[in-house]
Amino acid sequence: MYCRGAPPYALYTFKHALVQDAAHATLLRTERKHLHARIVEVLEQQLPDVPRRNPDELAYHCSE
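Here's what I pulled together on the structure shown here.

Thresholds applied
Residues numbered from 1 in each chain as written. Predicted model: local features only at pLDDT ≥ 70, side-chain atom pairs only at ≥ 80, totals over all residues. Heavy atoms only, no water. Axes fitted to C-alpha atoms, helices over the stretch in contact; angles between N-to-C directions. Helix = DSSP H or I, 4+ residues; strand = E, 2+ residues; numbered from the N terminus. Left-handed = near helix turned anticlockwise from the far one by under 90°. Contact = heavy atoms within 4.5 Å. Polar contact = N/O pair within 3.5 Å; in protein donor to acceptor, adjacent residues only side chain to side chain.

**So, the packing of helix α2 (residues 29-45) against helix α4 (residues 55-63)**
Each pair of packed helices gets described by two things: the angle between the helix axes and the distance between those axes. Viewed as axis vectors pointing N to C, α2 and α4 meet at an angle of 145 degrees, and their least axial separation amounts to 8 Å. Considering how the two elements wind past one another, α2 and α4 form a crossing that is left-handed. The residues of α4 that touch α2, namely those facing His36, Ile39, Val40, Leu43 and Glu44, are Glu57, Leu58, Tyr60, His61 and Cys62.

The following block contains the structure:
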């Protein structure tokens, strides 16, 4: 996993998409839903400029 930038605007990425998919698949469905909901909450309440600059990020987490 790589970190680019400084918090709170840091971006974390996996070296390979298959590693990301494998990590995501190990989470229980209810846990994944909770984590995505929490990400949406943080983006909307604490980092409102992030969804304005990158609305597809918010849309992804809302759909998940």
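**Remarks on the environment of Glu41**
Tracing the backbone through its elements, the reader meets Glu41 in helix α2. When the C-alpha positions of Glu41 and Leu58 are compared, they lie 9.7 Å apart, and in sequence the two are 17 residues distant. A polar contact of 3.0 Å, which involves the side chain of Glu41, links it to the side chain of Arg38.

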